[in-house]
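Residue-level listing of the chains:
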Amino acid sequence: MESERVTYERDGHVATITYDRPEKLNAIDGAMREGLNEAFDRFRADDEAWVGIVTGAGRAFCVGADAGGEGNPAGEFPGSFWERPTVNSFESGWEIFKPVVAAVNGHCLGYGLTLVTWCDLVIASDRATFGFPEVRLGIPTIVGALRLPQRIGWQPAMELLLTGERVDAERAREMGLVSRVVPHDDLMSEARALADRLLAGAPLAQRAIKEMARRADDLPQTEAIRFGETMRRVAGATEDAAEGTAAAREKREPRWQGR
């Protein structure tokens, strides 16, 4: 898939979604929002796409919203004044339980960082920077404020959210926002190597695990266990579960089919 602002490419079972507006540091305008939503919707629906990588073209991952661009960077429905929230994109709350790796190649601010907080694993170039500058514009960060404390803990989250300052890749790693910092030229090969490692796991089991991990905090413990055991029974009845058992018995690598 090629849009005006976003590319979607699948190699085997790995899909790569790229912010592709380098002349504007991948700032999100209305056209890019449309392209991003199309790309993530395709990734969610593509049964052959088991793992996703998200990255940016040029020297930025994404610097947030393009306030002067055409269209609304929040999408066709930017939320009502009060009652109806904006849940119309991956970073704002779309549920996608396939594993997603963020390969952060440069500046990662605002919307860009919000998306990173929804990715499962984050690898950063040694040139990357991270920040939520909204507070310095008099605007509160909302979805980022919901996710970041859960991701990295209260004090480092507040440092980013309330100061609006940027941190470099090494500081982001210390905060727990990034798992690894790698030389810039090695970023995509490292991200692909990580995606290939993820392909060793059964894709439907991975999706059940991720959904369980996401929902657990919203459920009392007994209900969480009940939900998880139901997920385990469903996943345990798949062809992949039978293949995994057979492969272990025959001492060979499993051949996953995603069904």
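Structure report, in brief. In this text the structure is predicted, and so the values were computed from the model without any measurement. (Residues numbered from 1 in each chain as written. Predicted model: local features only at pLDDT ≥ 70, side-chain atom pairs only at ≥ 80, totals over all residues. Heavy atoms only, no water.)

The final tally for this structure, using the stated rule, is 21 salt bridges. A salt bridge links aspartate 11 to arginine 192, with the shortest nitrogen-to-oxygen separation between them at 3.2 Å. You can see aspartate 11 sitting in strand 1 (residues 6–11) and its partner arginine 192 sitting in helix 6 (residues 187–198), a full 181 residues away along the chain. Residue aspartate 11 is classed as exposed on the basis of its relative accessible area of 51%. Among the salt bridges present, the one from arginine 180 reaches glutamate 190, with a minimum N-O distance of 2.9 Å. Taken together, the residues span a long stretch of sequence, with arginine 180 in strand 10 (residues 180–182) and glutamate 190 in helix 6 at a distance of 10 residues. Among the ionic contacts, a cluster of salt bridges with common partners joins Arg5, Arg21, Asp29 and Asp66. (Salt bridge = Lys/Arg side-chain N within 4 Å of Asp/Glu carboxyl O. Helix = DSSP H or I, 4+ residues; strand = E, 2+ residues; numbered from the N terminus. Buried < 20%, exposed > 50% of the residue type's maximum accessible area, 1.4 Å probe, protein only.)

Moving on, we get to the nonpolar core. Counting 44 residues, the largest nonpolar core has Tyr19, Phe40, Phe61, Val104, Val116 and Phe130 as the members making the most contacts within it. Looking at this core element by element, the count peaks at five residues for helix 1 (residues 30–45). With 16 residues, the next largest nonpolar core counts Ile123, Ala191, Leu194 and Ala195 among its residues. (Core = buried A, V, L, I, M, F, W, Y, C linked by side-chain atoms within 4.5 Å.)

With that settled, consider the pairing of strand 1. Regular strands place side chains that alternate from one sheet face to the opposite one. Relative to strand 2 (residues 14–19), strand 1 runs antiparallel, the two being bridged by six bridges. By the bridge assignment, valine 6 is partnered in strand 2 with tyrosine 19. Hairpin connection, strand 1 to strand 2: the antiparallel pair is bridged by two residues, and glycine 12 has positive phi, about 65°. (Pairing = 2+ DSSP bridges.)

Contact geometry for helix 3 (residues 143–152) and helix 4 (residues 154–163): axes closest at 7 Å, N-to-C directions at 145°. As helix 3 runs across helix 4, the sense of the crossing is right-handed. Taken together, the residues of helix 4 that come into contact with helix 3 (itself represented by Gly144, Ala145, Leu148, Pro149 and Ile152) are Trp154, Pro156, Ala157, Met158, Leu160 and Leu161. Looking at the contact of helix 3 with helix 4 residue by residue, the classes come out as 10 nonpolar, one polar and no charged. (Axes fitted to C-alpha atoms, helices over the stretch in contact; angles between N-to-C directions. Left-handed = near helix turned anticlockwise from the far one by under 90°. Contact = heavy atoms within 4.5 Å. Nonpolar A, V, L, I, M, F, W, Y, C, P; charged D, E, K, R; others polar.)

The subject of this paragraph is the pairing of strand 2. The buried fraction of strand 2 amounts to six of the six residues, a majority that puts the element mostly inside the structure. The two faces of strand 2 match: Val14, Thr16 and Thr18 on one face and Ala15, Ile17 and Tyr19 on the other face are all buried. Judged from the six bridges that link them, strand 2 and strand 3 (residues 51–56) form a sheet pairing that is parallel. Bridge pairing in strand 3 links valine 14 to valine 51. Traced from strand 2 through helix 1 to strand 3, the parallel crossover comes out right-handed. (Right-handed = clockwise from strand over helix to strand, strands pointing away.)

Turning to the packing of helix 7 (residues 203–215) against helix 8 (residues 221–236), a few remarks are in order. For the pair helix 7 and helix 8, the least separation of the axes is 10 Å and the interaxial angle reads 170°. Taken as axis vectors, helix 7 and helix 8 run roughly antiparallel relative to one another. Residue-level contacts link Ala208, Glu211, Met212 and Arg215 of helix 7 to Ala224, Phe227, Gly228 and Met231 of helix 8. (Parallel < 35°, antiparallel > 145°, perpendicular 65-115°, else oblique.)

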